[in-house]
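Chains, contacts and geometry: an overview
Spelled out from the first residue to the last, the chains are:
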Amino acid sequence: HSYEFIRGENTFHHLISNLEILKRSDFLNQIDLMMIFLVTPENYSEIVNLPEFAIKYGFDKIAIGEILPFGNGAKQFEQMDTSYLMKKIYDNIQIARNKELITLIDQFHFGFLFTGAAPTPCTAKEGKVLAIEPNGDVLICPYDTGISVGNIRDFDYDIGIAYREARTFGQHIFDSIGHSSVKCQYYDACRGGCPLIIKRNNTECDERCQKFQQSLS
């Protein structure tokens, strides 16, 4: 299964079980629930069926993005290159959008290179998103499991407090990194890429910038 290639064996069953619980809970009425779908060479064809899946489990919107080299994604990152599939990926995104069933957001860091749209701002830096992992961890950045503001399974967990903490914590973390590096030699094409990758590698540029620029030439 494409999901378990990243998350590990038997994790899809746990995901569906958690979604069933969430769907039946009052908590679902307190939040704007967004599903994050990370595209890989194994699952890009599934994009066209995302609207039906999301509605079935009570999601309000879908965000589609790419795997970054953090957490479980770090182990298979080199196998997850989707730059050569971008045309097919965006064709599938358009098919899903044309169904007009649910809001679908493009969060590819380099998607603007292929669509002409403005670069997607870093939602983690802006404190706009809380991502819920299958194990219940609530993340400021959906791409980095190390930046957490607790676990939703804790009996006294307050999503309102967590959201306020995320805005403050996220601003502090990402202000120290910078949204993107203007020193990147590919900046005109990539706008610096992901700030977390820049920090992790202690470089001036996201390691994918050159690859994505080359894919346009």
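Just above sits the structure.
First, a word on what this report is: a plain description of the structure on this page. Every value quoted in this text rests on a predicted model; they were computed, and no experiment measured them. (Residues numbered from 1 in each chain as written. Predicted model: local features only at pLDDT ≥ 70, side-chain atom pairs only at ≥ 80, totals over all residues. Heavy atoms only, no water.)

**Here we look at the overall build of the protein**
Just so we agree on the cut-off: Note on conventions: DSSP H or I runs of at least 4 residues are helices, E runs of at least 2 residues are strands, and numbering of each starts at the N terminus. Burial classification: accessible surface area is computed with a 1.4 Å probe over protein chains only, and a residue below 20% of its type maximum counts as buried, one above 50% as exposed, and the rest as partly exposed. For every accessible area listed, the method is Shrake-Rupley and the probe measures 1.4 Å; residues are considered covered only by the protein chains on display.
Each helix and strand in the protein was counted, giving 10 helices and 6 strands. Each of the 217 residues in the protein was classed as buried or not, and the buried ones make up 46%. Total accessible area computed for the protein in this model is approximately 11,600 Å², and 49% of it derives from carbon and sulfur atoms.

**Some remarks on the pairing of strand E1 (residues 34-39)**
Put simply, the rule reads: When DSSP finds two or more bridges between two strands, those strands count as paired. Handedness of a crossover is defined as follows: with both strands directed away from the viewer, a clockwise route from the first strand across the helix to the second makes it right-handed.
Where E1 lies against strand E2 (residues 61-66), 6 bridges are found, and the strand directions are parallel. Residue pairing across strands places Phe37 opposite Ile64, the latter belonging to E2. In this fold, the crossover linking E1 to E2 by way of helix H3 (residues 50-56) has right-handed handedness.

**Focus: helix H2 (residues 11-24)**
Three- or four-residue spacings in an α-helix give side chains the same orientation, since the helix completes a turn every 3.6 residues. This is how it is decided: To estimate the expected span of a helix, count its residues, drop one, and scale the result by 1.5 Å. As used here, the arc belongs to the directions running from the helix axis to the C-beta atoms.
Compared with the 20 Å implied by 1.5 Å per residue over 14 residues, the 20 Å span of H2 between its first and last C-alpha is a close match. Those residues of H2 not exposed but buried are Thr11, Leu15, Ile16, Leu19 and Leu22. Projected onto a plane normal to the axis of H2, the buried residues spread over an arc of 135° and lie on a single side. Turned more than 90 degrees away from the buried face of H2, the exposed residues are His13 and Arg24.

**Structural notes on the sheet that holds E1**
Heads up, the condition is: Axis definition: a line fitted to C-alpha atoms, over the contacting stretch in the case of helices. Angles run 0 to 180 degrees between N-to-C directions. Whether two residues are in contact is decided by their heavy atoms, any of which lying within 4.5 Å being enough.
Spatial strand order, E1-E2-E3: 3 strands in an open sheet with parallel pairing. Among the strands making up the open sheet, the edge pair consists of E1 and strand E3 (103-106). Strand-to-strand, the axes of this sheet are offset by a mean angle of 25°, without reference to chain direction. The strands touched by helix H4 (residues 86-98) are E1, E2 and E3; relative to E3, the strand with the most contacts, the crossing angle is about 160°.

**Description of the pattern of salt bridges**
Counted only if it meets this: By convention in these notes, a salt bridge is any Lys or Arg side-chain nitrogen within 4 Å of a carboxyl oxygen on Asp or Glu.
Under the defined criterion, the tally for this structure stands at 2 salt bridges. In this structure, the salt-bridge partner of Glu52 is Lys99, at a minimum N-O distance of 3.0 Å. Of this pair, Glu52 sits in helix H3 while Lys99 sits in the loop between H4 and E3, placing them 47 residues apart in sequence. The partner of Lys87 in a salt bridge is Asp91, and the shortest N-O contact between them spans 2.9 Å. You can see Lys87 and its partner Asp91 sitting in helix H4, 4 residues apart, about one turn around the helix. Overall, the relative accessible area of 60% leaves Lys87 in the exposed class. Exposure remark for Asp91: the relative accessible area of 35% places this residue in the partly exposed category.

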